[in-house]
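Here are the chains, one letter per residue:
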Amino acid sequence: MERIFLENKKMVDEIHVAPVVSEIKKMNRIYLLKVLVGFFDKQEASEGKVKKFRFTGDLVDATSFYWQRVRGHAFVSINLKKLELLEQDQERKHLTLKLPLPEIESPTVNMDPKNGTVVYRKGYYWYTSQKIKDEFYKNAMPRAQAGIEKKVTNPKYIAMAKDQAGEIFTALFKPIGWTVEIQWDEEKKENPGSSVAQNAK
């Protein structure tokens with residue numbers, strides 16, 4: 001609040017209302033979407049040459065595979081710490097903000113035994129070694145998480161998240177009479193994959 005003395009020496013109060021973007025950055029992160037997904041994932045491995053029958057017979061290639069029914073979800077969010085104030089026009093009451101691109105957060109596997117993720121075996125051959133079985137189950141969870149992340153990393157969901165962010169910021173500043181324009185950070189070149197995806201390989 002500023003006190004201004006006019007020529008007639010009368011004192012009046014002049015009040016300006018403006019947004020405080022620095023306080024918004026303290027929120028750290030805003031979650032825009034929760035995307036539920038479900039799909040089937042197949043893992044396959046060869047035992048090499050084994051006997052056609054358990055005790056006798058010619059050597060044949062033995063291949064086993066596991067189907068995994070995956071159900072889960074992931075969030076789409078933006079990191080508000082990276083928010084930038086590009087322009088704050090007091091006369092027009094207009095803000096220009098730069099936001100980071102939406103990110104995929106917390107791919108989570110639904111482990112409900114009835115409706116969630118299930119690993120079950122099918123096989124081309126009767127023989128499956130314990131080593132192969134252990135490898136299947138070891139990879140099941142990281143593969144499920146990586147699969148969920150891949151499904152949610154879809155341009156459709158990223159676009160929806162951007163629209164949601166625009167609506168949120170417009171609604172945030174509208175009560176004080178300000179308009180907002182959002183610019184998005186440039187998309188970075190595709191990296192080899194997230195830590196979840198790397199662990200699943």
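Calculation criteria
Residues numbered from 1 in each chain as written. Predicted model: local features only at pLDDT ≥ 70, side-chain atom pairs only at ≥ 80, totals over all residues. Heavy atoms only, no water. Pairing = 2+ DSSP bridges. Helix = DSSP H or I, 4+ residues; strand = E, 2+ residues; numbered from the N terminus. Axes fitted to C-alpha atoms, helices over the stretch in contact; angles between N-to-C directions. pLDDT = per-residue confidence, 0-100. Contact = heavy atoms within 4.5 Å. Polar contact = N/O pair within 3.5 Å; in protein donor to acceptor, adjacent residues only side chain to side chain. Core = buried A, V, L, I, M, F, W, Y, C linked by side-chain atoms within 4.5 Å. Buried < 20%, exposed > 50% of the residue type's maximum accessible area, 1.4 Å probe, protein only. Salt bridge = Lys/Arg side-chain N within 4 Å of Asp/Glu carboxyl O.

*Asks:* Can you walk me through the sheet that holds strand β9 (residues 179-184) in this structure?
*Replies:* Strands pair in a sheet through their backbones, by hydrogen bonds, and they do so in one of two ways: parallel or antiparallel. The 3 strands lie next to each other as β5-β6-β9, forming an open sheet whose pairing is mixed. Either end of the sheet is taken by a strand with one partner, and the two such strands are β5 (84-89) and β9. Averaged over all adjacent pairs, the angle separating strand axes in this sheet is 15 degrees, with direction ignored. As paired elements, strand β6 (residues 94-99) and β9 share 6 bridges and run parallel to each other. In the sheet register, H94 faces β9, and the bridge partner there is T179.

*Asks:* Help me understand the confidence of the model for the protein, please; the structure alone is not making it clear to me.
*Replies:* Note that predicted coordinates carrying low pLDDT should not be read in detail. Per-residue confidence for the protein averages 79 on the pLDDT scale, and 69% of its residues sit at or above 70. Note on residues 1-6: pLDDT is under 50 here. Beyond four places in sequence and across chains, it has 16 contacts.

*Asks:* Is there a simple way to think about the environment of H94 in this case?
*Replies:* With respect to the secondary-structure elements, H94 resides in strand β6. For H94 and V180, which are 86 residues apart along the polypeptide, the C-alpha to C-alpha distance reads 5.7 Å. In this structure H94 touches E87, Q88, D89, W178, T179, V180 and E181, once residues within four positions along its chain are discounted. There is a polar contact of 2.7 Å between the side chain of H94 and the side chain of T179.

*Asks:* Where do I start with the environment of K42 in this structure?
*Replies:* The residue K42 is located in strand β3 (residues 29-51) in this model. With 98 residues separating them in the primary sequence, K42 and A140 have C-alpha atoms 9.8 Å apart.

*Asks:* So what exactly am I meant to see when it comes to the nonpolar core here?
*Replies:* V76, I78, L83, I148, V152, F169 and F173 are the most contacted members of the largest nonpolar core, which has 30 residues in total. Where this core is concerned, the elements lending two or more residues are α1 (21-25), β3, β4 (59-79), β6, β7 (103-109), α2 (130-152) and α3 (155-173). When near neighbours in sequence (up to four residues on either side) are disregarded, I78 contacts N28, R29, I30, L32, L99, P100, L101, P102, A165, F169 and W184.

*Asks:* I keep staring at the environment of I78 and nothing clicks. Help me out?
*Replies:* Relative to the helices and strands, I78 is located in strand β4. Judged by its relative accessible area of 0%, I78 is buried. Each C-alpha atom, one on I78 and one on Y31, is 6.8 Å from the other, the two residues being 47 residues apart in sequence.

*Asks:* Hey, could you run me through the pattern of salt bridges in this one?
*Replies:* It is possible for side chains bearing opposite charge to pair when their charged atoms get close. A complete count under the given rule lists 6 salt bridges for this structure. Linking E105 and R29 is a salt bridge whose minimum nitrogen-to-oxygen distance equals 3.7 Å. You can see E105 sitting in strand β7 and its partner R29 sitting in strand β3, a full 76 residues away along the chain. Look at R29 and you get partly exposed, because its relative accessible area is 22%. A salt bridge links D89 to R92, with the shortest nitrogen-to-oxygen separation between them at 3.6 Å. The exposure class of D89 is buried, given its relative accessible area of 18%. One salt-bridge network, in which partners are shared between bridges, spans R29, E103 and E105.

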